[in-house]
Amino acid sequence: MKRRALFIDYENVHFSMENEYGIEPDVEHLHRILEKIEEGGYPTIARCYADWEQFPELASVWKSLGVDPVFAPVKSLGKWGRHSNAVDLQLSVDWMEILWKVPEMEEFLLVSGDRDFLPILHKTLSQGKEVKIFTFRTSTGEILERVMKSRIYFLDETLGLQKVEKPVVESRREGAISTEEVDWLILLLERQERRLPFVGLKFFRDQVLIPFFTLYSGWSFEEAAERAQSLLQSGIDGGWITVYKVNNPLKPDFPTTAVRLNHSDERVQKVLEHFRAR
């Protein structure tokens, strides 16, 4: 049987499904993804990378499915709290280690549409190994799809996912905030409220809104950060986002600033009713 090594960038999977298809991955989705991958044989090594503090309930799910969850923490840096995600680095290091130390490994499997993995994919192919990439059509880097086209398998087809309408942002960051952007902010914040006991303002801005704009509006990080900040401020000023404080047990003198939707606001009610009816 062919020896295969599987590496999953779970944050890419999670946010692709959430932002592009309007659903949060559950056990059934993860199982079906693995079934598709395992059509070519069971992986000898299977690892899944994420900051599991963001998805605490899913680390044990992956483990129960025979995939080792690898913790890759997210750190905040710079003016906007920009996050330096260790997933890409940790996954790449482990991939190269297997490539060099396990010469009998025949096939390497990547679950991600991130073009930053192109260098390790090229290196793996140059060593005579086989490569397969499993990703979502709408969140696959253009360069990655062009260069690795014959090796890509689209998971949205496997899962039968239908793309939801996303904001069409034609203006740059200095333009007027569109109705679609407001609708999506409300929808994304509501999802986080359902998932978490509270939604930290910095967390929501840096790990939800900024990735949303950079991945799906084609903006640079700086443009996305400014747009996210403007959109949040618009919501706060408009009264449909409420800012409040949450006790911080680690630093009692420095409570966490959190945000939540004003569910009594007519705009919020209309947006949520619209998406729930779809």
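Residues numbered from 1 in each chain as written. Predicted model: local features only at pLDDT ≥ 70, side-chain atom pairs only at ≥ 80, totals over all residues. Heavy atoms only, no water.

Can you walk me through the nonpolar core in this structure?
Soluble globular proteins tend to bury their nonpolar side chains together. Ranked by size, the top nonpolar core spans 30 residues in total, and within it L185, I186 and F204 carry the most contacts. Elements with a contribution of two residues or more to this core: α8 (179-195), α9 (201-216), α10 (221-238), β11 (256-261) and α11 (266-276). Per-element tally for this core: the top contributor is α9, with 8 residues. Y10, L30, L34 and A46 belong to the second largest nonpolar core, which has 28 residues in total. (Core = buried A, V, L, I, M, F, W, Y, C linked by side-chain atoms within 4.5 Å. Buried < 20%, exposed > 50% of the residue type's maximum accessible area, 1.4 Å probe, protein only. Helix = DSSP H or I, 4+ residues; strand = E, 2+ residues; numbered from the N terminus.)

Explanation requested: the sheet that holds β11 in the structure shown.
Hydrogen bonding along the main chain pairs the strands of a sheet, whether they run parallel or antiparallel. Reading across from one edge, β9-β11-β10 is the order of the 3 strands in this open sheet, with antiparallel pairing throughout. Each end of this open sheet is capped by a strand with a single partner; those strands are β9 (199-200) and β10 (241-246). As paired strands, β9 and β11 are joined by 2 bridges and run antiparallel to one another. Pairing of V199 across the sheet is with V259, part of β11. Of the strands in this sheet, β9, β10 and β11 are in contact with α8, which crosses β11 at around 115°. (Pairing = 2+ DSSP bridges. Contact = heavy atoms within 4.5 Å. Axes fitted to C-alpha atoms, helices over the stretch in contact; angles between N-to-C directions.)

Teacher, can you tell me more about the environment of W240 here?
For W240, the location among the structural elements is in the loop between α10 and β10. What makes W240 buried here is its relative accessible area of 9%. Taking the C-alpha atoms as reference points, W240 and I186, separated by 54 residues in sequence, lie 8.6 Å from one another. Among all residues touching W240, those that are not within four sequence positions of it are V182, L185, I186, S234, G235, R260, L261, N262, D265 and V268.

What am I meant to see in the packing of α8 against α10 here?
Axes are the key here: two packed helices are described by the angle between their axes and the distance separating the axes. In contact at an axis separation of 11 Å, α8 and α10 are set at 80° when each is read in the N-to-C sense. By the angle class used here, α8 and α10 are roughly perpendicular. Where α8 approaches α10, its residues E181, V182 and L185 are matched on the opposing element by R227, L231 and L232. Across the contact of α8 with α10, the residue classes break down as 4 nonpolar, no polar and 2 charged. (Parallel < 35°, antiparallel > 145°, perpendicular 65-115°, else oblique. Nonpolar A, V, L, I, M, F, W, Y, C, P; charged D, E, K, R; others polar.)

Help me understand the packing of aromatic side chains, please; the structure alone is not making it clear to me.
Any aromatic ring pair is given by two values, namely how distant the centres are and how the planes are angled relative to each other. Counting across every chain of the model gives 10 aromatic pairs. With centroids separated by 6.5 Å and ring planes inclined at 20°, the aromatic side chains of F7 and Y49 adopt a geometry described as stacked. Here Y49 lies in strand β2 (residues 45-50) and F7 lies in strand β1 (residues 4-9), a separation of 42 residues in the sequence. When sorted by exposure, F7 lands in the same class as Y49, which is buried. For the pair F7 and W95, a centre-to-centre distance of 5.0 Å together with 40° between the ring planes defines the contact as tilted. Here F7 is found in strand β1, whereas its partner W95 is found in helix α4 (residues 86-101), with 88 residues between them in sequence. Pairwise contacts between aromatic rings join Y10, F15, W52, F55 and W62 into one cluster. One cation-aromatic arrangement involves R260 over Y244; the distance from NZ or CZ to the ring centre is 3.9 Å. (Phe/Tyr/Trp six-rings, centres within 6.5 Å; stacked < 30°, edge-to-face > 60°. Lys NZ or Arg CZ within 6 Å of the ring centre and 35° of its normal.)

Is there a simple way to think about the sheet that holds strand β8 (residues 152-154) in this case?
The sheet built from 6 strands is open, its strands ordered β3-β2-β1-β6-β7-β8 with parallel pairing. Across the chains shown, the open sheet's two edge strands, defined by having one partner strand only, are β3 (68-71) and β8. With strand direction ignored, the average angle separating the axes of adjacent strands in the sheet is 20°. Pairing of strand β6 (residues 107-111) with strand β7 (residues 130-135), which is carried by 5 bridges, proceeds in the parallel orientation. Note on β7: the bridge partner recorded for E107 is E130.

Would you mind showing me how to read the side chain of R4 here?
Among the secondary structure elements, R4 is positioned in strand β1. Given a relative accessible area of 1%, R4 falls into the buried group. In terms of polar contacts, R4 uses its side chain to reach the backbone carbonyl oxygen of G41, at 2.4 Å. (Polar contact = N/O pair within 3.5 Å; in protein donor to acceptor, adjacent residues only side chain to side chain.)

Teacher, can you tell me more about the packing of α4 against helix α5 (residues 118-126) here?
Between α4 and α5, the least distance of the axes is 11 Å, while the angle of their chain directions is 5°. Relative to α5, the element α4 is oriented roughly parallel. Judged by residue contacts, L91, S92, W95, M96, L99 and W100 of α4 engage I120, L121, K123 and T124 from α5. Each residue belonging to the contact of α4 with α5 can be placed in one class, and the counts come to 7 nonpolar, 2 polar and 1 charged.

Help me understand the pairing of β1, please; the structure alone is not making it clear to me.
Two faces make up the sheet, and in a regular strand the side chains alternate between them. For β1, the tally of buried residues reaches 6 of 6 residues, placing the bulk of the element in the interior. Burial along β1 is two-sided: the residues R4, L6 and I8 and A5, F7 and D9 are all buried. Of the pairings in the sheet, the one linking β1 to β6 comprises 5 bridges and is parallel in character. In the sheet register, F7 faces β6, and the bridge partner there is L110. Looking at chain direction, β1 and β2 are connected through 5 bridges and run parallel. Residue pairing in the sheet places D9 in a bridge with Y49 of β2.

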